[in-house]
Amino acid sequence: MEIFKLWHLQHGYIVVFTFFTAVRTGSSCEYPTSPQCFRRSSYETSYICEWSMSMADRNVAYDLYMSDIKCKSIKETSCELQEEQLLVHNEIPIWVEAHVGNSSCASTKKSVVLKHTVKYDAPQNITMSWLKNNLTLSWTAAEEYPALAEVRLQQYEHPREFWENRTMNTTYDGLNYQVIIVNLLKDTAYQVQIRHRSNRAHTPLWSTWSHVIVPAELEQKLIVSMTTRILNGTRKVTLRWKPVPHAAAVTEVMYSLKDTQSSHGCPCNKAESHTKVNEYTTYISYSAANITIIARNAAGYSTPAIVPIPAEAVAALERCDKTLLDEKLKKTTCLEFHEVQDTGLRTENVITLMGRKKKKERQKMRKTVKVFTRYLYSEHNCNGGKPQTVKKCLFYLKEGVPLSAPRDFIAFGETHNSVNLSWKAIPTEEQQGFHTHYSLCSVKVSPVQDLKKCYNLSTSLLNHRLENLTSGAKYNISLAAVTRVGEGPRATAIVNTPQKSLNVLLFILSFMFVLFLISTTCIWILRRIKTKIFPPVPKPVIPNLNHVIPESEDVLEKKEEVDKLILHQLLEHSSAPEDAEETTVFGREWDGGTNEDVYNERGDARMSKGTSDEDLSRGSTHNILRNSREGAVTDLEQVENEIAMMIYRNGLVFDVRPDST
């Protein structure tokens, strides 16, 4: 190695020309980079010098020079020096020599003022959050004033795309630096690199890069389903929910769960639970509770999903016979007092007494239990880390008389001897005790005042029919609720019963009128239906001729018969022509009325004016037949007239015979 020095003492300058010649004996030496010497902040008193060398040989030794040697034969590529060892306010030359075996090589010399150079550590404790499409990055501040930051971004799903660079000043909130990167996609994951440097140092240096992955925002709250199973005083609750989107789960997603029972420590004291899967099982007592589920990732957390678990219904709640309110409680026991109202339980006014609390605290909580107020008393134990309900009942610390009368007390449906009554129960807040019964009293005030009659009614009733009243009377009826302490205010109603006779008469008349209207309407409707659907089909009238035809047949059959009669002529001769004429007429009518027969008969009649026995006998026979045939002819003529009166209309035969009467 040859060194040439030129001294110019007159002007006070020293110019040093140094020529390095590496003497290689066995192995080569690579030149290290020029060292950077700095402090981490403007108020630090220690300085760090750093350099680098591409040679990966572990046998390399380094010497650091700051005018003279400061760090000798070190193996690392950095050296830390205290301020009292250095000239920090003056410009000094610095360089590094590397020694590898018998070879040596030195970095380029450079002159620096150590006080001016500040290099921050890489950003630490980086947090991130989304606000719409703007990403907020925050990290621990290096100094108590803002700095300059450089941020590089790349979509996580597209690693081959170019990095987007953004340089901006940070804000300082007293503890952290913060930058806001706008116009991004909140449902997309990003790879982010951050570095920063001082804004006040004379010679600031960029810090090394910090690398983080920013997941997408958890926008939606979890959709949770629940199944419940009752197990000996406790309820096994299993919750399941859908996983978050993939872009929001590129980093770890943690689900946080807590229930109001465990957070209050009644009866089991349990911290908040965490899980990485989308299913969770817990145990809840019979009291109402809420389970809150929140999904968290590096960029924030989801909207809390609150799963309400109602109180387990009890078939029939009874009044408490005994409680542990004044007893010493075990550490695993807790008592709950829910104030009962008509609208349900007041969950915001729950009084909890826990055995693990101190005696003074329990006494203080006990004083908050109010008198004349109905509570749902619940007694719980913590059994093997699981809450268990052992007792539930209704409780009054102290009872009193009801504050008000039954609501909406009315009378209706009055009859001559009875009336209907109805009312509404007294609100729970005004009952001030357990009702034992209702007291119903009635007093007749007119026409003659009577004694008060009272009856006890069940508290489950809200209506009653009061009977055995007097018709045409006026009654004062009252109703009151009764507790073990006494009777509350009364609700009253005035009732006037109607007269019995008038009432019965009106009822009978009304019933008859309605019955008449119904029957008349039904008959008219049935006739209309029968006429429209089944029109009447008249049947032809066929007269019964059996009594005529046989008689006629007998007459005809006996036409040729001649009875052997002995007739004595008792009549005068003048009557013979008349008989003959009648016989002739009968013969004409019977034989169809031909002229020839008529003339023959008349001629025979004229010629028979003799007195022979044969003629007389024949004339008598004709008289008998004539009388018989006149009846037959009369019947036949009547039948013919009836048939002639039949009229055919539209193919139907109607009988329009006139009334024989």
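Going by the structure above, here's the rest.
The present account deals with the structure reproduced in this document. Bear in mind that the values here come from a model prediction, so they are computed numbers and not experimental data.

### A short note on the side chain of Ser-138
So, point 1. As for its placement among the helices and strands, Ser-138 is situated in strand 13 (residues 134-140).
So, point 2. A distance of 3.2 Å separates the side chain of Ser-138 from the backbone oxygen of Tyr-177, its partner in a polar contact.
So, point 3. In contact with Ser-138, not counting residues within four places along its chain, are Asn-125, Ile-126, Thr-127, Asn-176, Tyr-177 and Gln-178.

### Concerning the environment of Gly-300
So, point 1. Within the secondary structure, Gly-300 sits in strand 27 (residues 300-301).
So, point 2. Along the sequence, Gly-300 and Ser-129 sit 171 residues apart, while their C-alpha atoms lie 5.6 Å from each other.
So, point 3. What Gly-300 contacts, discounting residues up to four positions off in sequence, is Met-128, Leu-218 and Ala-295.

### Remarks on the pattern of salt bridges
So, point 1. Counted by the stated rule, this structure contains 20 salt bridges.
So, point 2. Across the salt bridge formed by Glu-150 and Arg-195, the nearest N and O atoms sit 2.9 Å from each other. A residue pair is termed long-range when its members are at least 10 positions apart, and Glu-150 in strand 14 (residues 147-155) and Arg-195 in strand 18 (residues 190-198) qualify at 45 residues. Of the two residues, Glu-150 and Arg-195, both sit in the buried class.
So, point 3. The closest approach of N and O atoms between Asp-408 and Lys-424, which form a salt bridge, is 3.3 Å.

### Details of the sheet that holds strand 33 (residues 407-412)
So, point 1. The strand order across the open sheet formed by three strands is 33-34-37, and the pairing between neighbours is antiparallel. The open sheet has two edge strands, strand 33 and strand 37 (463-466), and neither has a second partner. Between one strand and the next, the sheet's axes are offset by a mean angle of 15°, whatever the strand orientation.
So, point 2. Of the strand pairs in this sheet, strand 33 and strand 34 (residues 419-424) are connected by four bridges, and their pairing is antiparallel. Across the sheet, residue Phe-412 finds its bridge partner in strand 34, namely Asn-420.

### Focus: the state of the cysteines
So, point 1. Scanning the entire structure with this criterion turns up six disulfides.
So, point 2. Residue pairing for Cys-320: its cysteine sulfur links by disulfide to Cys-393, the two sulfurs lying 1.8 Å apart. An S-S torsion of about 100° defines the bridge between Cys-320 and Cys-393 as right-handed. Of this pair, Cys-320 sits in the loop between strand 28 (305-309) and strand 29 (333-341) while Cys-393 sits in strand 32 (residues 386-396); the two residues are 73 residues apart in sequence, bridging distant segments of the chain. Take Cys-320 and Cys-393: they sit in the same class, and that class is buried.
So, point 3. Here Cys-441 is linked by a disulfide to Cys-454, with a sulfur-sulfur distance of 2.0 Å.

The rules we used
Residues numbered from 1 in each chain as written. Predicted model: local features only at pLDDT ≥ 70, side-chain atom pairs only at ≥ 80, totals over all residues. Heavy atoms only, no water. Helix = DSSP H or I, 4+ residues; strand = E, 2+ residues; numbered from the N terminus. Polar contact = N/O pair within 3.5 Å; in protein donor to acceptor, adjacent residues only side chain to side chain. Contact = heavy atoms within 4.5 Å. Salt bridge = Lys/Arg side-chain N within 4 Å of Asp/Glu carboxyl O. Buried < 20%, exposed > 50% of the residue type's maximum accessible area, 1.4 Å probe, protein only. Pairing = 2+ DSSP bridges. Axes fitted to C-alpha atoms, helices over the stretch in contact; angles between N-to-C directions. Disulfide = S-S within 2.5 Å.

Functional significance is not addressed by these values, which are geometric in nature.
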